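# Examination of the molecular architecture
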Amino acid sequence: MSVKTLYNPAGLEKPELIESFVVRTKIFEKIFSDIKSSDMKYPEKHYLIQGQRGMGKTTLLLRLKYEIENSGELNNWLLPVFFGEESYDLTTLSRLWEKLLDYLDDALDTNGEHFEHTEAFIDFEDYEKKCFDYLIEVLQKNQKKLIIFFDNFGQLFLDNLKDKEKRRLREILMHCSEIRIIGASAIVLQDLHDYSEPFYEFFQIVRLEGLTKEETFHLIEKLQEKSKQKINLKKAKGKIDTLAILTGGVIRTLMMVYQVLLEDQDGSALNDLETILDQITPLYKSRIEELPVQQRRIVDVIAKNWDAISAKDIATQIREDGKRIQTKLVSAHLAQLEKNNVIEKKQTNTKNHLYQVRERFFNIWYLMRNGNRRDRKKVKWLTKFLEMWYDDEESINSFIERHISHLKSGKYHPKSALLLAEALVDSEKIDVFKLDVLIKETSGILSEEQKSQLPDIERRKFSLAKRYYDQGDLEGGIDVLERIPKRSHYQRILLTYFYLEKKDLKNALKEFESISEISIGDLKVVKFLSAELKKPDVLEKILNNSPKISKGKSFLTVAEAYLRLNKKDLAEVNFKKAIAENEEEAFLKLADFYEDVKNFEKAEFVLKAGLKSDAVSVYDLLDFYLLRLPTGKEDIQSAGELLLSLPESDLDYFFYKSLILLIELGSSVEEPDYQVKAREFQIFLERACTRFNEEKVYDEREEFITYNLLTSYLQFSLDKKKARNLMNLVLEREKVPNQLLVKFSFLMTWERKFKEAIELIENQLHLDEVFKDSYLIDQLNTTILLLLAKDQYHLVFGIFSKFNEFKEVLKPTYYALMTLLKEEYPNELVKMGDELTQPVNDILYTIKEMKLKYE
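First, a word on scope: everything that follows refers to the structure included in this document. Computed from a predicted structure; not experimentally measured.

What follows is about the overall build of the protein chain. Looking only at helices and strands, one finds 46 helices and ten strands in the protein chain. Accessible surface computed for the protein chain: about 42,600 Å², of which carbon and sulfur atoms make up 48%.

Applying the stated rule across the entire model yields 23 salt bridges. Of the charged contacts, one joins K502 and E475 as a salt bridge, the two residues approaching to 3.1 Å between their closest N and O atoms. Of the two residues, K502 is situated in the loop between helix 24 (489-501) and helix 25 (505-513) and E475 in helix 23 (residues 474-482); the sequence distance between them amounts to 27 residues. Its salt-bridge partner being K608, residue E604 comes within 3.4 Å of it at the nearest N-O pair. Of this pair, E604 and K608 both sit in helix 31 (residues 600-612), four residues apart, roughly one helical turn. Residue class for K608 comes out partly exposed when judged on its relative accessible area of 39%. Connected through shared salt-bridge partners, K553, E560, E583, E585 and K589 make up one network.

Here R628 shows up in helix 32 (residues 618-628). Take R628: its relative accessible area is 28%, and that puts it in the partly exposed class. When the C-alpha positions of R628 and D592 are compared, they lie 9.9 Å apart, and in sequence the two are 36 residues distant. Other than its neighbours up to four places away in sequence, R628 contacts D592, E595, F600, L607, D620 and D623.

A separate point is the side chain of E165. Looking at where E165 falls in the secondary structure, it is placed in helix 8 (residues 163-175). In this structure E165 is buried but unpaired, with K162 as the nearest side chain of opposite charge at 5.8 Å. Among the polar contacts made by the side chain of E165, one reaches the main-chain amide nitrogen of L93 at a distance of 3.0 Å. In this structure, E165 is in contact with T92 and L93, ignoring residues within four places of it in sequence.

A few words on the sheet that holds strand 4 (residues 179-185). Spatial strand order, 2-3-4-1-5: five strands in an open sheet with parallel pairing. The open sheet has two edge strands, strand 2 (78-83) and strand 5 (204-207), and neither has a second partner. Averaged over all pairs of adjacent strands, the angle between strand axes in this sheet comes to 15°, irrespective of strand direction. Here strand 1 (residues 47-50) runs beside strand 5; their pairing, made up of four bridges, is parallel. Looking at strand 5, one finds that Q50 is bridged to R207.

A few words now on the packing of helix 28 (residues 551-564) against helix 30 (residues 584-596). Two elements in contact, helix 28 and helix 30, have axes whose closest approach is 10 Å; the angle formed by their N-to-C orientations is 20°. By the criterion of interaxial angle, the relationship of helix 28 to helix 30 is roughly parallel. Helix-helix and strand crossings are classified by hand; for helix 28 and helix 30 the assignment is left-handed. Residue-level contacts link K553, L556, E560 and L563 of helix 28 to E585, A586, K589 and F593 of helix 30.

What follows is about the packing of aromatic side chains. Any pair of aromatic rings gets described here by the distance separating the centres and the angle formed by the planes. Evaluation of the coordinates by the stated rule reveals 16 aromatic pairs. Summarising the aromatic geometry, the rings of F150 and F157 are spaced 5.0 Å apart at their centres and angled 25° between planes, so their arrangement reads as stacked. The exposure class of F157 is buried, given its relative accessible area of 0%. Over the ring of F124 we find K130; its NZ or CZ atom is 4.9 Å from the centre of that ring.

What follows covers helix 6 (residues 127-141). The terminal C-alpha atoms of helix 6, which comprises 15 residues, lie 21 Å apart, in line with the 21 Å expected from a rise of 1.5 Å per residue. Where helix 6 is concerned, the buried positions are Y127, E128, C131, F132, Y134, L135, I136, V138 and L139. Note on helix 6: the residue one or two positions beyond its end, Q143, has a positive phi of about 55°.

This part is about the nonpolar core. In terms of nonpolar packing, the biggest core is built from 69 residues, with I298, I302, I314, V330, L334 and L424 touching the most fellow members. Broken down by element, this core gets its largest block of residues, eight residues, from helix 19 (residues 414-425). In contact with I302, other than residues within four places in its own chain, are I309, I314, L334, I343, Y355, Q356, V357 and N363. In terms of nonpolar packing, the next biggest core, distinct from the first, is built from 47 residues, A757, I758, L776 and I777 among them.

This paragraph deals with the sheet that holds strand 10 (residues 354-357). The strand order 6-10-9 describes an open sheet built from three strands, whose pairing is antiparallel. Either end of the sheet is taken by a strand with one partner, and the two such strands are strand 6 (309-310) and strand 9 (343-346). Direction of pairing for strand 9 relative to strand 10: antiparallel, over a ladder of four bridges. Bridge pairing in strand 10 links K346 to L354. Strands in contact with helix 13 (residues 293-305) are strand 6, strand 9 and strand 10; relative to strand 10, the strand with the most contacts, it is inclined by about 85°.

Let's shift gears to unusual backbone geometry. Its identity as a non-glycine residue notwithstanding, D109 has a phi of 55°, on the positive side. Tracing the backbone shows D109 in the loop between helix 4 (93-108) and helix 5 (113-117). Positive phi, close to 60°, is recorded for N111, a residue that is not glycine. As for its position among the elements, N111 is in the loop between helix 4 and helix 5.

The terminal C-alpha atoms of helix 19, which comprises twelve residues, lie 16 Å apart, in line with the 16 Å expected from a rise of 1.5 Å per residue. The buried fraction of helix 19 is high, at ten of twelve residues. Of the residues making up helix 19, those classed as buried are S416, A417, L418, L419, L420, A421, E422, A423, L424 and V425.

What follows concerns the environment of V597. Position of V597 among the secondary structure elements: in the loop between helix 30 and helix 31. A residue is classified by how much of its surface remains accessible, and V597, at 34% relative accessible area, is partly exposed. Taking the C-alpha atoms as reference, V597 lies 9.5 Å from K568; in sequence the two are 29 residues apart.

On to the pairing of strand 10. Across two bridges, strand 6 lies against strand 10 in antiparallel orientation. Opposite I309, over in strand 10, you have Y355 as the bridge partner.

This part is about the packing of helix 28 against helix 29 (residues 568-580). Here helix 28 crosses helix 29 at 165°, and the two axes come no closer than 8 Å. Here helix 28 is positioned roughly antiparallel relative to helix 29, judged by the angle of their axes. Judged by the sense of rotation from one axis to the other, the crossing of helix 28 with helix 29 is left-handed. Judged by residue contacts, G552, F555, L556, V558, A559, E560, Y562 and L563 of helix 28 engage K568, L570, A571, N574, F575, K577 and A578 from helix 29. Of the residues that constitute the contact of helix 28 with helix 29, the class distribution is ten nonpolar, two polar and three charged.

Right, let's get into the environment of H353. By the secondary structure assignment, H353 is in the loop between strand 9 and strand 10. Counting along the chain gives 22 residues from H353 to S331, while the straight-line C-alpha distance between them is 10.0 Å. Apart from residues no more than four positions distant in its own chain, H353 is found in contact with I309, S310, A311, K345, K346, Q347 and T348.

The rules we used
- Residue positions are given per chain, counted from 1 along the sequence in the order it is written.
- Where local features are concerned, this predicted model is filtered to residues with pLDDT of at least 70; where side-chain atom pairs are given and counted, the filter is 80 or more; whole-chain, interface and lining totals use all residues.
- As a rule here, side-chain values cover all heavy atoms of the structure and leave hydrogens and water aside.
- Secondary structure follows DSSP: runs of H or I at least 4 residues long count as helices, runs of E at least 2 residues long count as strands, and numbering of each begins at the N terminus.
- Only the protein chains shown count as cover for residues, and all accessible areas are computed by the Shrake-Rupley method using a 1.4 Å probe.
- Salt bridges are defined as contacts in which a side-chain nitrogen from Lys or Arg sits within 4 Å of a carboxyl oxygen from Asp or Glu.
- The cut-offs for exposure are 20% and 50% of the maximum accessible area for each residue type, with area from a 1.4 Å probe on protein chains only; residues under the lower value are buried, those over the upper are exposed, and the others partly exposed.
- We call two residues in contact when some of their heavy atoms are within 4.5 Å.
- When charges are counted, Lys and Arg are positive and Asp and Glu negative, with His and the chain ends excluded.
- Residues adjacent in sequence count toward polar contacts only when both atoms are side-chain atoms; beyond that, a polar contact is any pair of N or O atoms within 3.5 Å, and within protein one must be able to donate a hydrogen and the other to accept it.
- When DSSP finds two or more bridges between two strands, those strands count as paired.
- The convention used is that axes are lines fitted to C-alpha atoms, helices contributing only their stretch in contact, and that angles between N-to-C directions extend from 0 to 180 degrees.
- Geometric relationships in this document are graded by angle, where less than 35 degrees denotes roughly parallel, more than 145 denotes roughly antiparallel, 65 to 115 denotes roughly perpendicular, and other angles denote oblique.
- Should the near helix be turned counterclockwise from the far one by less than a right angle, the crossing is left-handed, whereas a clockwise turn marks it as right-handed.
- Note on ring pairs: Phe, Tyr and Trp rings are taken, using the six-membered ring of Trp, and paired if centres are within 6.5 Å. Classes follow the plane angle, with under 30 degrees stacked, over 60 edge-to-face and the rest tilted.
- Only lysine NZ and arginine CZ atoms are considered, and such an atom sits over a ring when it is within 6 Å of the ring centre and within 35 degrees of the ring normal.
- The span one expects for a helix is its residue count, reduced by one, times 1.5 Å.
- Here, the term nonpolar core denotes a set of buried Ala, Val, Leu, Ile, Met, Phe, Trp, Tyr and Cys residues that are joined through side-chain atoms within 4.5 Å.
- When residues are sorted by character, Ala, Val, Leu, Ile, Met, Phe, Trp, Tyr, Cys and Pro go into the nonpolar class, Asp, Glu, Lys and Arg into the charged class, and all the rest, Gly among them, into the polar class.

As C-alpha cells, this is what we get:
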C-alpha cells in the first residue's frame, strides 16, 4: 500500500488489498465464519466495529466484502454492499432503501428498473414503508440477501435519522432476515450505550485495539517484502517493539512512518507526507473546531506535548483571565474527550493517569500545522522516531552520513531536507558539531527563504552546554562553548558561570569583560562573579559602565553582593541608596534584611514607607504583621486596621480575616467567652469556604481555611455531618495535604469507619513527612487515642507493629495501649521506664474523656 492510499484503501484494486491484509486476520476470520455459517433464514446478529481512525476498520470491511464476492458458496445468494465514508447522501431511512434498490439494479443488471419503480410511491405519506416493502419483494423474488458494510455508520447515517426512523430501523433489523448490517465507527455511539435510545445494546461490538508488538512485527515483515531498503528484522526486533508503542499500534501511522523513513532515499516520501497533510487538513480542522473551547485548549496542550501528560500538568499550562484552570475541571473534559476517542488514558499505579492524543497521525498533523518556525515541537514526533530507531551512536552516525550523501547528490527534496534537519537538531543523541555539517549541506539545496527557516544550531549548542551545567559536567560545557568561535552574549554569560564553578576566576573575569554591555538578565552572574572575587568594587565598576541598568538596580545588586559577603553595614547602605533611586524591589529586600537581624521596628517602617509609594502591597504588610513576626508578637490591631482597606469580596480578605480570628482565638482559651468566639470563627470560616468554592480557587489560603474549618467542626461544634461533607469536597482533589488527611482519619474513626481510617494512615499519609512535623505527630496521636477510645486496641497494635517509628515517636501512647492489653502482652509493659508512668496515666484519662465526648 502506498503512502497516497493510506487514507483511501477503497482505492486499491481487490487483489492488492487482499494481499496487503496481513493483520486483523483473527477478527476477520471470526466475523467471516459467522457470515459463512449463517443462511439468514432468520434475522441475524448485527456487528459494529469500533476503533479510532487508522486502525483498519475500512480495510476490514472491504476484506469481508471481497471474501464474500470470491466465495462460491455465498456469492450466488448473498450480495455485499459497501457504503464508504463518502456516502454523504444517506440522510434518511427511505434514502437507504433507494440506494439499495439502485445497487440491486446494477447487481441484477435490470437497467434501473427497480429504482425507477419508486416513482410510483412519491407523495405517499408512507413512502419509506412502500420502498422498503418493495425492496424485500425484489430480494425474495430473486432469492437474494443483502449484507451492508457500513463505514462511519454513526456519523454518516445513524446520527442523521429522526427518532421515529431509528425505532423503525430497529424493528426492521430485529425481524427482517433479508438484511444484515456490519458497521464501523471511529467514535463511541451514544445510541448504543444509552438505555433510552432505540439501539441500546443492539449491535455486537467488535473493538479494534492498537496492534500488539507481534502484530506490528508481522506487518513490518510483510511491508519489507516489497521494500527497496531491507533491515535485519531479528536485530531490529526491539526497535519494532518500540515502534508499536510509539505509534500506539495504529496501522495507518505504522505504515506511514515505515514508508516515510525506512524507504525514503530522496525525500519524496516525506514530501508525500506533506501532500497528505494538506489533503486531510479540512477533516482534522473540522474535528478540532467541533470541540468546545475548553476541550480545544486541552487537546492543544496534549498534542504539543506528544508524550502522555497528566491532568495536573495540563492544568498548569491553561489560564483563564490570569488564573490557572482547576485540575478537576480538566479531568471532566478529559473524560469526555476519551469517550469520544479524541484522547486515550494511560493507566498508572496512582490516581494521576496520563493522557495522549489517541490517533498519532492526527497528533503529527497538529504539530506540523500548528507549530511555527520557532516551535520545535512541530517535529517532535519525527525526533522521537529517529532517536528510537537509531538507538546507538554507530547507527545514528551511519544514518546521518547516508543522509548527507543524499543531500550532496542534489536530488533530495528541499522541503523534506528542512523537515529532517529540524528533527535531527532536536535529538540529544547526535553530536552537535556533526550537526554543523548536516546544516551546511542542507543549506546548499534550499532557497533563500527556506534557509531562513533552518533551525538554529547555535541554540542547540547553548542547550547542550546548559545541560552539561545542570549535570555538573564543567569540562564538557567549557569544551562546547570554547569551540564556538563567535560566542553570543548568553554563551559568554554561561561560559563565565562554568569558569566560576571551576574556580577559574582569571578566565571567568576575562570572559565576562569581553561582553560589550551588561543587561538586567546578567545581574545574577554579576553578583556571583563579585562574590567569588570578593571584590564588590569590581561589580560597581561593571555596573557603572552599563547604561541599560538603572542606578537603583545597580545599588540593589551591589547591596546583595555585600550581603553575600556578610558585609551587612555596606549592604544596608546600598539598599538605602537603591530606595533613594525609587527602586521598588529594594523596599522588600531591606525589610527582609531587617527581619533577618531581628530589627522588626525598622522592617515595619520600611514596609510602611513602601506602601505609601506603591512599592509594597497591603498583603506584604499583612504578611509581616500576621505571619513573619514571632509568635505572640503578632500585631492584630494594625492588621485589622489594614484589612479595612480590602473589599470584603476579595478572596485575600477571607484569608487574612480568618488568620486574625484564629490568633485571637488562640489567646482566649481561658476566657469565659471562648466558645462564643469559637462559634464566630466557625461561622466566618463557613462563609470563607463557600466563597472559595464559588471562585473555584485552590491554593494555600484555601487549604488553611479548610483545615481550620474542619478542626472547628471536630472540636468546637462536634458537627460530624458538616465535617463529612467538607471532607468529601476536599477528597475530589488530586492531592490532599497531610494535615487534612490526618483530620480525615480522625473523622473516619469518629464515624466508626475504623478500617478506612487505618487504611488512610497506612497508605495515603506520607508518614516520613508526618514524623518530621511535631504538630502533625500530635494530630495523628489524637486519631490513635480516639481509636483506643472506641476499643480498637488490636487495630492500633497493628499500626505499631507495622511501623517501628510509631513506637519511638508515640512511646507514651504505645505503653498506654500495652496497659489496656496487659493480659495479652504482660512482658511488654515491664519494658516501660518509670518516667513514663505519669504521661501514660494522663493518656489513659484522655481516652476516658474521649469516650464520652465522641460517642
